[in-house]
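Single-letter residue listing:
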Amino acid sequence: MIGLISATAAGAAARDRLAAAWPERTRVYEGPVGDAVRAAFAECEQLVCFLATGAVVRLVAPMLGDKTSDPGVVCVDEGGRFAVSLVGGHGGGANELAREVGELLGSEPVITTATDAVGLPGLDTLGLPVEGDVAAVSRALLDGEPVALKAELAWPLPALKVTEDGAYAVRVTDRLVAAAEREVVLRPPSLVVGVGASKGAPAEEVLELIESALRDAGLSRLCVAELATVDAKSGEPGIVGAARELNVPLVTYSAEELKAVEVPNPSDAPLAAVGTPSVAEAAALANGGELLVPKRKSTRADGLPAMATCAVVRRPARGRLAVVGLGPGARDLLTPRAKAELRRASVLVGLDQYVDQIRDLLRPGTVILESGLGAEEERARTAVAEARKGQAVALIGSGDAGVYAMASPALAGASDDIEVIGVPGVTAALAAAAMLGAPLGHDHVSISLSDLHTPWEVIERRVRAAAEADIVVTFYNPRSRGRDWQLPKALAILAEHREPTTPVGVVRNASRPDESSRLTTLGSLDPATVDMMTVVTVGNTATRDIAGRMVTPRGYRWQGSSLEDAK
């Protein structure tokens, strides 16, 4: 919960905007400011104070304890110009909260945490449990000291300025080891614990079994990603309680699914009870991995039979491939999610001219693999290969990466051994439509006129189908020096079904500094004025030029008279 505190009318107005935007996340604290801040500090995970930073410093200073437990505090000035991350930048999430508040209120986020200020990820903000001397290793990264990456497990981390050797180190491991001097240990969620239990097994017995199995194998409890069991045991209180205590999800599989998993220690008892010869081992191995702890039983001080079994598997490390759409070119049309993925990547793969657009957003140390036009399949293969090495990869494309871009060749070569994240972007068709008016108000289709990858016979068949169906058409890749006849041919096909007065929008470099747009007609468009940087949108029989804007009605009957009046 985010506590909101204000002292003035202007502060209350901004406070209320946050409360209205985040009704489930926020709580407004009224009354004397000092009492409100103290109450919110005790009850909330984060605070946004519409007060001077000096006042907030004096109020919260006596309550500060530890950066790992203190709430994050953000201050917004009286004019709403700045959102200052004051306390708990990393541990309390104040840095990210300042960015969110800034975006909502139009304020400038002020982040003074050293790593954030220079674009380095904080070691305690990677989403992994962290142990060791975070301050010293972070300072070494900031100072350019050599910091070695000791990755016992390949795990997709963001870009870190690391080397093979150094006096400082970042170790990635699930082993139960203490951090050495000048070392940080990152704990990836690499372990799956399979669990079986008799009816009524106490949570204490299940939990003690799991912890002893991990401890005896030299594995860290912090690296447990999930508990897994048969679905017949999904509501077993002991298993549910153990998952809650470990703060991990409980994943279940059907008996049929578990029967298909080959295990070293099958048994007749679970086969008779739940229909599978193995629960603990099979559930742990259901998605593959290395069996580190074979099935073992719990022990009871009272000498009664064991009521729980468990097995531990190290799941295969999966690299991460984010396929990111950059939008049509304007920075303000690059989505926040796309920016976040670019900063999360340790490897960036893309067309050189697209890399140049976002190079300033990348973290120091990001490996950039760029190539020129015509190397699309090579870039797709490279991105997948880097992800398979366990890297966090961003593969970029213009517009939406899934529309005439890099997503399809990349995913065609990607199997389930890597994690894939799609980040949508504003397409050229949408950017052009916004400039033209509302040409896509009803059914519409995009067709590429490039026959480099698709035979012209197929393209022509699609154009003809769109023409006969009276659908608005946006042409991508309409004309180049070597392909100058396809657009006239496509326009001629449309002209067989549409009047010469049908509106046509021509937009070049939509959203870029040299953007241009014009509205013409199907009978007047000169294809020679179109190039590869242009999209051409041809209206249907209902599309109209209204006050210089291209408008396609949604087909409501009540719009008919207004359209007639606008002619």
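Residues numbered from 1 in each chain as written. Predicted model: local features only at pLDDT ≥ 70, side-chain atom pairs only at ≥ 80, totals over all residues. Heavy atoms only, no water.

Points about the overall build of the protein
No. 1: Secondary structure assignment for the protein yields 19 helices and 28 strands.
No. 2: Structurally, the protein occupies a C-alpha span of about 90 × 65 × 55 Å along its principal axes.
No. 3: Considering the protein as a whole, with its 567 residues, one finds that 47% of them fall into the buried category.
No. 4: Across the protein, the fraction of contacts at a sequence separation of at least 24, relative to all contacts at a separation of at least 6, is 64%.
No. 5: A total of about 26,600 Å² of accessible surface is found on the protein, and carbon and sulfur atoms cover 51% of it.
No. 6: Put simply, the protein has 57 plus and 72 minus side-chain charges, and the middle of one group is 1 Å from the middle of the other. (Helix = DSSP H or I, 4+ residues; strand = E, 2+ residues; numbered from the N terminus. Buried < 20%, exposed > 50% of the residue type's maximum accessible area, 1.4 Å probe, protein only. Contact = heavy atoms within 4.5 Å. Areas by Shrake-Rupley, 256 points an atom, 1.4 Å probe, with all protein chains shown as cover. Lys, Arg positive; Asp, Glu negative; His and termini not counted. Charge placed at Lys NZ, Arg CZ, Asp CG, Glu CD.)

Thoughts on the layout of surface pockets
No. 1: Considering only enclosed or pocket space, the largest pocket measures out at about 1,500 Å³ in volume.
No. 2: Forming the boundary of the largest pocket are 43 residues, of which Y354, E376, Y404, N477 and M532 lie nearest the centre.
No. 3: Looking at the lining of the largest pocket residue by residue, the classes come out as 20 nonpolar, 16 polar and seven charged. (1 Å grid on protein atoms, 1.4 Å probe; cavity = no way out; pocket = protein on both sides within 12 Å on 5 of 7 lines; lining within 4 Å. Points joined across faces, edges and corners; volume = space filled by probe spheres on them. Nonpolar A, V, L, I, M, F, W, Y, C, P; charged D, E, K, R; others polar.)

Quick notes on helix α17 (residues 456-468)
Because each turn of an α-helix spans 3.6 residues, side chains separated by three or four positions in sequence point in the same direction.
No. 1: Here α17 spans 18 Å end to end across 13 residues, near enough to the 18 Å set by a 1.5 Å rise per residue.
No. 2: Within α17, the full set of buried residues consists of W456, V458, I459, E460, V463, A466 and A467.
No. 3: Contact partners of the buried residues in α17: β22 (444-448), β23 (472-476) and α18 (486-495).
No. 4: One or two steps after α17, the chain reaches D470, where phi turns positive at roughly 60 degrees. (Expected span 1.5 Å × (residues − 1).)

Quick look at the sheet that holds strand β28 (residues 549-551)
No. 1: Spatially, three strands are ordered β21-β28-β27 in an open sheet, and the strand pairing comes out mixed. Edge positions in the open sheet fall to β21 (437-438) and β27 (544-546), since each of these has one partner strand only.
No. 2: Pairing geometry for β27 and β28, over three bridges, is antiparallel. Each residue of the ladder has a partner; that of R544, found in β28, is V551. (Pairing = 2+ DSSP bridges.)

A short note on the pattern of salt bridges
No. 1: Scanning the model with the defined rule gives 29 salt bridges in all.
No. 2: For R38, the salt bridge identified is with D35, shortest N-O distance 2.9 Å. One end of the pair is R38 and the other is D35, both in helix α2 (residues 33-43) and three residues apart, which spans about a single turn.
No. 3: Of the residues examined, R38 reaches a relative accessible area of 41% and is grouped as partly exposed. (Salt bridge = Lys/Arg side-chain N within 4 Å of Asp/Glu carboxyl O.)

Concerning the nonpolar core
No. 1: Grouped together as the largest cluster of nonpolar side chains are 25 residues, with contacts concentrated most on V193, V195, V206, I210, L214, L227 and V312.
No. 2: Counting only elements with at least two residues in this core, the list comes to β11 (191-197), α7 (203-216), β12 (224-230), α8 (237-246) and β15 (308-314).
No. 3: Broken down by element, this core gets its largest block of residues, six residues, from α7.
No. 4: In this structure, V193 is in contact with I210, V224, E226, L227, A228, A284, C310, A311 and V312, ignoring residues within four places of it in sequence.
No. 5: Counting residues in each nonpolar core, the second largest holds 21 residues, with A466, L487, A490 and I493 among its members. (Core = buried A, V, L, I, M, F, W, Y, C linked by side-chain atoms within 4.5 Å.)

Details of the packing of aromatic side chains
No. 1: Evaluated as defined, the whole model comprises two aromatic pairs.
No. 2: Each ring, one from W456 and one from W485, has its centre 5.0 Å from the other, and the planes form 70 degrees; the classification is edge-to-face. Taken together, the positions of W456 in helix α17 and W485 in the loop between β23 and α18 put the pair 29 residues apart, joining distant regions of the chain.
No. 3: The ring centre of W22 lies 4.4 Å from the NZ or CZ of R25, which sits over that ring. (Phe/Tyr/Trp six-rings, centres within 6.5 Å; stacked < 30°, edge-to-face > 60°. Lys NZ or Arg CZ within 6 Å of the ring centre and 35° of its normal.)

Looking at the sheet that holds strand β5 (residues 82-87)
No. 1: What the six strands build is an open sheet, ordered β2-β1-β3-β4-β5-β6; its pairing is mixed. The sheet terminates laterally at β2 (26-28) and β6 (108-110), the two strands that pair on one side only. With strand direction ignored, the average angle separating the axes of adjacent strands in the sheet is 25 degrees.
No. 2: Across four bridges, strand β3 (residues 46-50) lies against strand β4 (residues 72-76) in parallel orientation. Bridge pairing in β4 places Q46 opposite G72.
No. 3: Where helix α3 (residues 53-60) meets the sheet, it contacts β3, β4 and β5, and its direction lies at approximately 25 degrees from that of β5. (Axes fitted to C-alpha atoms, helices over the stretch in contact; angles between N-to-C directions.)

Overview of the pairing of strand β9 (residues 168-172)
No. 1: Within β9, five of the five residues are buried, which leaves it mostly tucked inside the rest of the structure.
No. 2: Side chains Y168, V170 and V172 project from β9 onto one buried face, and the interleaved A169 and R171 project onto a second face that is buried too.
No. 3: Pairing of strand β8 (residues 147-151) with β9 involves five bridges; the strand directions are parallel. Opposite K150, over in β9, you have R171 as the bridge partner.

Comments concerning the environment of V33
No. 1: Looking at the secondary structure, you find V33 in helix α2.
No. 2: Placed 452 residues apart in sequence, V33 and W485 show a C-alpha to C-alpha distance of 72 Å.
No. 3: Among residues more than four places away in sequence, those in contact with V33 are I5, S6, A7, L51 and L59.

Overview of the pairing of β4
Within a regular strand, side chains alternate between the sheet's two faces.
No. 1: Across the five residues that make up β4, a large majority, five, are buried.
No. 2: Of the two faces of β4, the one carrying G72, V74 and V76 and the one carrying V73 and C75 are both buried.
No. 3: Read as a crossover between parallel neighbours, the route from β3 over α3 to β4 is right-handed.
No. 4: Strand direction decides the pairing type here: β4 and β5, joined by four bridges, are antiparallel. When the bridges of β5 are listed, V76 appears paired with A83. (Right-handed = clockwise from strand over helix to strand, strands pointing away.)

Description of the state of the cysteines
No. 1: Considering all chains together, one arrives at zero disulfides under this definition.
No. 2: You can see C310 has no disulfide; the closest cysteine sulfur is in C223, sitting 16 Å from it.
No. 3: Residue C310 is classed as buried on the basis of its relative accessible area of 1%. (Disulfide = S-S within 2.5 Å.)

A short note on the packing of helix α1 (residues 9-21) against helix α4 (residues 94-105)
No. 1: Contact geometry of α1 with α4 gives a least axis separation of 11 Å together with a crossing angle of 105 degrees. Here α4 runs roughly perpendicular to α1, going by the angle between their axes. When α1 is examined against α4, the residues A14, R17, L18 and A21 are found in contact with a partner set consisting of V101, L104 and L105.
No. 2: Looking at side-chain class alone, the contact of α1 with α4 contains six nonpolar, no polar and one charged residues. (Parallel < 35°, antiparallel > 145°, perpendicular 65-115°, else oblique.)

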